[in-house]
Amino acid sequence: MPAAPRVPRSLLTASILAVLGTAATSAMAGTLTGRVSDGSGATSLQSAEVEIVELGRKSQTGADGVFRFADVPDGSYTLRVRYVGTEAVQSAVQVTGDTRNADVRVGANVESYIDNILVVGQRANLSSSLSRQRAADGVENVLSRDAIGQFPDQNVAESLRRVPGINILNDQGEGRFVAVRGLDPNLNAASINGARVPAPEADVRSVALDVIPAEIIDSIEIKKSLTPDMDADTIGASIEIHTTSAFDRRDGFLSVTAESSYNDLNGNWSPKGSADFSTMINDRLGLAGGISYYKRDFSTDNIEMDGWNETDDGLLYADTVEYRDYDVERERLGGSLSLDFRLNEGTDLYARLVASQFDDQEYRGRLIFEMAEEPLPGNPVTPRAAFTSDDGEIQVVRDLKDRFESQDITSLVLGGETFAGAWTYGYSAAWSKAREKENGSLDPVEFQREFDQPGELSVVFDYGNLTRPTYSISPAGQLAFYDPEEYEFDQIERTTLSLSEDEEITARFDVAREFSLGSGQLEMKVGTKVRQREKTYDLRLDVYDGFDGDLTLADLAGGQTYGLANISPVPDFRRVRNFVGANFADFELNDVDTTFESAVADYAVDEDIYAGYVMGTYDTRRMRLIAGMRMERTENTIGGNRVELVEEGGTRNGTVLDEDTVFVTPTQFEREYTDWLPSVNFRFEATENVILRAGAFRSVVRPGIGQLAPRFLVEENDEGEREGEFGNPDLEPYDATNLDLSAEWYFSGNGVLQAGMFFKRIDNFIVNAVFEDVTFNGVSADEAVIPINGDEASVTGFEFNYQQSLSFLPLPFDGFLLGFNFTFTDSEGDVLGREIPLPASAKYTWNGSLGYEQGPFSLRLAATYRDEYLDELGDSDAEDRYVKDHIQYDVSAKYRITPQAQLFVEFINLDDEPYTAFQRGSGRERLLQYEEYSWTGKAGVRFTF
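Residues numbered from 1 in each chain as written. Predicted model: local features only at pLDDT ≥ 70, side-chain atom pairs only at ≥ 80, totals over all residues. Heavy atoms only, no water.

Q: For this particular structure, what's the right way to read the overall build of the protein chain?
A: The number of helices and strands found in the protein chain is 7 helices and 55 strands. Here the C-alpha atoms of the protein chain give a radius of gyration of 31 Å, agreeing with the 30 Å that 2.2 N^0.38 yields for 945 residues. Viewed in the frame of its principal axes, the protein chain has a C-alpha envelope of about 100 × 85 × 55 Å. Relative to its 945 residues, the protein chain shows a buried fraction of 57%. Sequence separation of at least 24 residues holds for 71% of the intrachain contacts in the protein chain that already meet a minimum separation of 6. By element, 52% of the accessible surface of the protein chain is carried by carbon and sulfur atoms, the whole surface being about 37500 Å². The distance from the centre of the 85 positive side-chain charges to the centre of the 161 negative ones in the protein chain is 12 Å. (Helix = DSSP H or I, 4+ residues; strand = E, 2+ residues; numbered from the N terminus. Rg over C-alpha atoms; globule rule 2.2 N^0.38 Å. Buried < 20%, exposed > 50% of the residue type's maximum accessible area, 1.4 Å probe, protein only. Contact = heavy atoms within 4.5 Å. Areas by Shrake-Rupley, 256 points an atom, 1.4 Å probe, with all protein chains shown as cover. Lys, Arg positive; Asp, Glu negative; His and termini not counted. Charge placed at Lys NZ, Arg CZ, Asp CG, Glu CD.)

Q: What should I look at first to understand the pattern of salt bridges in this one?
A: Between side chains of opposite charge, a pair can form as their charged atoms come close. All told, the structure shown has 68 salt bridges when counted by the stated rule. With a closest N to O distance of 3.1 Å, Arg652 and Glu644 form a salt bridge. Ionic pairing is found between Arg722 and Glu644, a salt bridge with its closest N-O pair at 2.9 Å. Pair noted here: Arg722 is in strand S39 (residues 722-726) and Glu644 is in strand S33 (residues 623-646), with a separation of 78 residues, a long-range link. Considered together, Arg722 and Glu644 belong to a single accessibility category, that of buried residues. (Salt bridge = Lys/Arg side-chain N within 4 Å of Asp/Glu carboxyl O.)

Q: Mind showing me how you'd approach the pairing of strand S20 (residues 347-371) here?
A: Within a regular beta strand, the side chains point alternately toward one face of the sheet and then the other, so they alternate between its two faces. Burial analysis of S20 places 18 of its 25 residues in the buried class, the great majority of the element. Relative to S20, strand S19 (residues 316-344) runs antiparallel, the two sharing 24 bridges. Considered in S20, the bridge of Val321 is made with Phe369. With antiparallel pairing between neighbouring strands as the criterion, S19 and S20 make up a hairpin whose turn holds 2 residues. Across 25 bridges, S20 lies against strand S22 (residues 394-420) in antiparallel orientation. In the sheet register, Gly365 faces S22, and the bridge partner there is Leu400. (Pairing = 2+ DSSP bridges.)

Q: Just checking my understanding: could you explain the nonpolar core for this structure?
A: As a rule of thumb, soluble globular proteins bury nonpolar side chains together. Among the nonpolar cores identified, the biggest contains 85 residues, and Leu160, Leu209, Tyr323, Phe369 and Phe461 are the most heavily contacted of them. Contacts of Phe369, omitting those with residues within four sequence positions, involve Asp319, Thr320, Val321, Tyr323, Gln395, Val396, Val459, Phe461, Tyr471, Ile473 and Phe481. Formed by 42 residues, the second largest nonpolar core is a distinct cluster that contains Ile705, Val774, Ala793 and Tyr882. (Core = buried A, V, L, I, M, F, W, Y, C linked by side-chain atoms within 4.5 Å.)

Q: I'm lost on the packing of aromatic side chains in this one. Help?
A: Geometry of an aromatic ring pair is reported as the spacing of the ring centres plus the angle between the planes. Under the definition given, this model contains 33 aromatic pairs. Look at Phe369 and Phe461: their rings are 5.3 Å apart centre to centre, the planes differ by 85°, and that puts the pair in the edge-to-face class. Remark: Phe461 occurs in strand S25 (residues 458-462) and Phe369 occurs in strand S20; sequence separation between them is 92 residues. The class of Phe461 is buried, set by a relative accessible area of 0%. Ring geometry for Trp846 versus Tyr865: centroids 5.8 Å apart, planes at 20°, classification stacked. (Phe/Tyr/Trp six-rings, centres within 6.5 Å; stacked < 30°, edge-to-face > 60°.)

Q: Got a minute to help me understand the sheet that holds strand S5 (residues 75-82) in this structure?
A: Working definition: the strands of a sheet are paired by backbone hydrogen bonds and lie parallel or antiparallel to each other. Judged by pairing direction, the sheet is antiparallel, and its 4 strands sit side by side in the order S3-S2-S5-S6 without closing on themselves. Of all strands in the sheet, those bounded by a partner on one side alone are strand S3 (57-60) and strand S6 (89-95). Sheet twist, expressed as the mean angle between neighbouring strand axes with direction ignored, is 25°. As defined by bridge partners, strand S2 (residues 49-52) adjoins S5 across 4 bridges and the pair is classed as antiparallel. (Axes fitted to C-alpha atoms, helices over the stretch in contact; angles between N-to-C directions.)

Q: Would you mind going over a nonpolar patch on the surface with me for this structure?
A: Residues Leu337, Leu353, Leu412, Leu414, Trp431 and Ile505 make up a contiguous nonpolar surface patch of about 480 Å² in total accessible area. Inspection of the secondary structure puts Ile505 in strand S27 (residues 488-517). Note on Ile505: relative accessible area 46%, which makes it partly exposed. (Patch = residues over 30% accessible without salt bridge, like charges linked within 9 Å, V, L, I, M, F, W, Y side chains within 5 Å.)

Q: For this particular structure, what's the right way to read the environment of Glu329?
A: Here Glu329 shows up in strand S19. Exposure remark for Glu329: the relative accessible area of 28% places this residue in the partly exposed category. For the pair Glu329 and Phe481, spaced 152 residues apart in sequence, the C-alpha to C-alpha distance is 31 Å. In contact with Glu329, not counting residues within four places along its chain, are Lys295, Arg296, Asp297, Asp359, Asp360 and Gln361.

Q: Can you walk me through unusual backbone geometry in this structure?
A: Apart from glycine, the bulk of residues carry a negative phi angle, and the bulk of peptide bonds sit in the trans form. Following Ser568, the chain continues into Pro569 via a peptide bond in cis, with omega recorded as 0°. Mapped onto the fold, Pro569 is located in the loop between strand S29 (557-558) and strand S30 (570-571). Going from Leu811 to Pro812, the amide bond is cis rather than trans, its omega being -5°. Its identity is not glycine, yet Asn653 carries a phi of approximately 55°, on the positive side. In this fold, Asn653 is placed in the loop between strand S34 (651-652) and strand S35 (655-656). Judged by its relative accessible area of 75%, Asn653 is exposed. Notably, Ser934 is not glycine yet its phi reads approximately 65°, a positive angle.

Q: Which parts of the structure should I look at to understand the confidence of the model for the protein chain?
A: Caution is warranted with low-pLDDT regions, since their predicted coordinates should not be read in detail. Mean pLDDT over the protein chain works out to 87, with 94% of the residues at or above the 70 mark. This stretch, residues 110-119, has a pLDDT under 50; its non-local contacts, to residues over four places away or in other chains, come to 36 contacts. (pLDDT = per-residue confidence, 0-100.)

Dropping the structure here:
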């Protein structure tokens, strides 16, 4: 065996002397700290760049405006502070071995910060956002509010609409889910104050960000490239939401807002109110928080079609047509509370609590046509289809949905940071829980009439307008069609309980050591994190398909608020609710359907993630390099049910069944895997105002809970044919390699011109696929829908962003602000031999804004566009579901009456842009869903003290 190599004595001696020299230098070095604030000194400025000119060392201020340099040798130095939107400030400081404080004010030195344009209004939002973006380690966009608590939009999702590469997926006309760079919302991650936000909705990981009101938010960071100290569970972006800290301001602060909104479609007014405060109890203890309440009344007119087919002579038709009338009432109550405590000059402790509740009461009246046979022969060129009961049954259903759903999210984070010379210790513990609950919803209460006799009914559908298909009834059938006594009670499905709960407990510890080098500084950082998550879903759905007595629609009929067609008569929600409550014992429970629907939905998933990382940051005057490795180990315990419904006459274990029977078998799977995730980010100041960035990292996104849960649903008819829908506990996580290149030019004091390219290679992306004659995890089916891993997908794109305050122009044009961003995304993947764009991937998105701010007046016009995208994968190209392109115009205006009072008005969706989903088909497009919402106006007053 060869001898172990020996370290040369000279090298060993040099190493020891270097260590001793570093220790000696540290002993004679001091720590230089300070706070950067606006001209009034009242508001801290985050991400101001602070440089010790003589040493070439740079630092950025934290949320409290504080900067810190360790190991600064004794001497006289020049501090240079830069903040976007202001001139650089220089000041002299002296370090003599002990910790020294050097506070700096940036901007005009004024008595009342209300009048200081640095911290109020659109310019304040722009300055803050660009400063934080400029100082970021990687590719990042930031949204922030100004010093008097004004955030640009109404909820978190609506705010994110203005960020480059962001596509907002609407629900009932309101922004809800966020897609980044054309990727599915499930490929993003969201956190509040550093704690991942669990998802209240069953089956998904993505969080509906409209649950969180904007009034309680201080800033949102959209991080598109990752560093090793960040959770790696994102491919689109990590959306980090921060609430206010008491250390953000030195003076007491209170803001109160009252407003009302008007929906044009239903003509109703809705109230909203919020309050925001911050106070320092003493020099070391501060309290900050906010509360927001919003009750929104609105309506939606909807048309949905399904079962598109083509006759032998080329006539295109849908066998199901639905006209839906929605009336919705949403209540959103959210609050935040932050406690900040400065234990000593080296340790800050904090507690952050965020709670939000979102109640959704939805009423839906619906008219449904279901045709059993093909339409009459016709001209394929003419977009019409005529059906008659002479050739086959036409079933007409008139029903009601009365659904109340409550979602809540709570997040509590306890943590702190300790500075000990060149050492920094970070630590936190967090608990987060989300819940969605329904109990007592009626969906649907259904009345139907089957027209199956010659001459009873003829109906003609005109598809000439893609989004407005109309129907007409033959004169002979109109009497029965519109008579509510003709429609007999069919069934009620009552959600006795639907409870989805998602809970996560997290603990984190980080240690960093800073080394002062001749050419800059080096920071080495290591850390560990534990995340323990449990998500469960419990459904009890009771199906009643009989009534002891006579019950027709005439007993419960009401009117409509629908504007696209005549759908009356439909059930009235008040009459239905009162009748069901008074006569509940007379409804007859269907035990088979109840057992089947309830058992198939339930699941329980435990997911524990153990992570550790090592990271180095090398900083010089012009360059920053961050590189390291992260390890994440995932352990899952996954439970669900195998539910089989066998029809009467079917065979089970050799026995012929004399009635429909449900068989329920619990299932459970366990698995574990480890991911090694390297990353590197490079930032270079080509000039003082030009930043070049490059980043490469690997990330993973775990499968959706509903896709992963081992729920195996099978329906077997009396001939033994089996159709199924399966979960897949063997799904691999999305595995992505991500590359970013960008250049940023910060110019004219308060402007940026930014361009960048990105590329992502995604292995194991997940889609639902249809299989025939399949056996999966021991369950066989003639046809089954199963989520599977695709082979490989790629995403290539380009981003452009321009923002500028035109303050250099002469009066009155110096009040204008311009903004425009554009993103191109090209995505493709292979699924079972088909090449598809990735779901939710819009090829083109852009946002434009024109602002004007002069004296007490502020105006902003905004336009947001996204291209069409693939929404769901069908059995073939012709059956894939796409969503039409969308452009929306919004306007807001504000006027400050006094330094403490401001009036404002807003108009949202001025162009009444609808939502349209369709199939491409052959020959022409086929409507699947159309919704329109009209515009919403808001007016209110804000007081600031």
